[in-house]
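Read off the chains here:
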Amino acid sequence: MTAWPPPPGSPAEQFATTGAAVLGRVLDDDQLATARAAFAELLPSGTTGGYATIVHDGWRRAPALAALVPVVGRAAAAAVGVPALVLFHEHLLWKPPGGEDMAWHQDYSYLPLDRPDGCTLWIALDDCDAANGCIYYQLATHTTGEYRAAWGIWEDDDPRAALPALPLGERDLGVPAPTAAGHAIAHHTLTFHRSPANRSDRPRRAWALSFVSPDARWWPRHAPHPRSAVAPRAAGDPLEADLPRAAR
Ligand SMILES: O=C(O)CCC(=O)C(=O)O
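Nothing here was measured: the structure is a model prediction, and the numbers come from that model. Every chain is numbered on its own, with residues counted from 1 as its sequence reads. Given that the model is predicted, a residue must reach a pLDDT of at least 70 before its local features are reported, and side-chain atom pairs must reach 80 or more before they are shown or counted; all residues, however, enter totals for whole chains, interfaces and linings. Side-chain calculation: all heavy atoms of the structure are included, whereas hydrogens and water are not.

1. As for helix α1 (residues 11-18)
An α-helical turn contains 3.6 residues, so any two residues separated by three or four positions project in the same direction.
Turning to step 1, where the next piece is worked out: Among all positions of α1, only Q14, F15 and T18 are buried. Axial view of α1: buried residues confined to an arc of 100°, hence all on one face.
Turning to step 2, where the next piece is worked out: Any two residues whose heavy atoms approach within 4.5 Å are treated as being in contact. A helix here means a DSSP run of H or I that spans at least four residues, while a strand means a run of E at least two residues long, and both kinds are numbered starting from the N terminus. Contact partners of the buried residues in α1: β1 (20-25), α3 (63-80), β6 (118-124) and β9 (183-188).
Turning to step 3, where the next piece is worked out: At the C-terminal side of α1, G19 shows a positive phi close to 80°. Three labels apply to residues, based on accessible area from a 1.4 Å probe with only protein chains included: buried if under 20% of the type maximum, exposed if over 50%, partly exposed otherwise in between. Starting at the helix axis, one direction is taken to each C-beta atom, and the arc is that of these directions.

This is how it looks when you write it as structure tokens:
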């Protein structure tokens, strides 16, 4: 399946068949302005690498952002076709002009959880296209299982190290998913995706939210995580009660 957008159908049908669903507009003009303003305030506290400046879990420090989570989470739950989801973590990404590639990966590789159920809700905060590094997908890869994390494996006994490498070659460029500001895509946590360098002269901002099943349990050995680094979790621990819930 190589074309974007995915074949027409409800977001839940697209999500089930291709592992990615076009959700259209999820932030109106005021909400988009609110998200951008909150991001601008949080940006100085972000972590900057060659790829982008990333602000982790801004909702905990920006009430205006926290107030938007249930709003956008409703669209995510509809896409996944479930009554409710929990926000496990989110990050704001500021990819400057010249910001580098993010390689092919599966988001589940970075979730310290016992199941890949749920989705990443990726919201464009600027118009995103091939020039400024929109998301690219390998569609219908969400049913092919988990592969070795493309980066971030530090321990030899990391369970992810034993997994096969992503079955992708140099020529597997994927399909670009241009997305207008305020619009969103929900992709499965196992769907292969990447985002190339920002070759434009304008910044590219996005908000990526990991919504997971309320039944998910911590599995800290699956992936290192800022929260379990600070307050160790045991395998089987439930999700924290303070995490935002989103219901359809
Ligand atoms: O916004 C992007 O460039 C990609 C984000 C992404 O894939 C991620 O955060 O896992």
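2. Notes on the sheet that holds strand β7 (residues 135-138)
Turning to step 1, where the next piece is worked out: Note: two strands are recorded as paired if DSSP finds a minimum of 2 bridges between them. The sheet built from four strands is open, its strands ordered β5-β10-β7-β8 with antiparallel pairing. The open sheet has two edge strands with one neighbour each: β5 (102-105) and β8 (175-177). The mean angle between the axes of side-by-side strands here comes to 25°, regardless of whether they run parallel or antiparallel. Angular values range over 0 to 180 degrees, each being the angle between N-to-C directions of two axes fitted as lines to C-alpha atoms, with helices fitted over their stretch in contact.

3. Section: helix α2 (residues 29-42)
Turning to step 1, where the next piece is worked out: Multiplying 1.5 Å by the residue count of a helix minus one yields the expected span of that helix. In this model, α2 (14 residues) spans 20 Å end to end at C-alpha, consistent with the 20 Å of a helix rising 1.5 Å per residue.
Turning to step 2, where the next piece is worked out: Taken together, the buried positions of α2 are L32, A35, A38, F39 and L42. Each buried residue of α2 sits inside an arc of 130° when the element is viewed along its axis, so together they form one side. Those residues of α2 that are exposed and angled more than 90 degrees off the buried face are D29, D30, A40 and E41.

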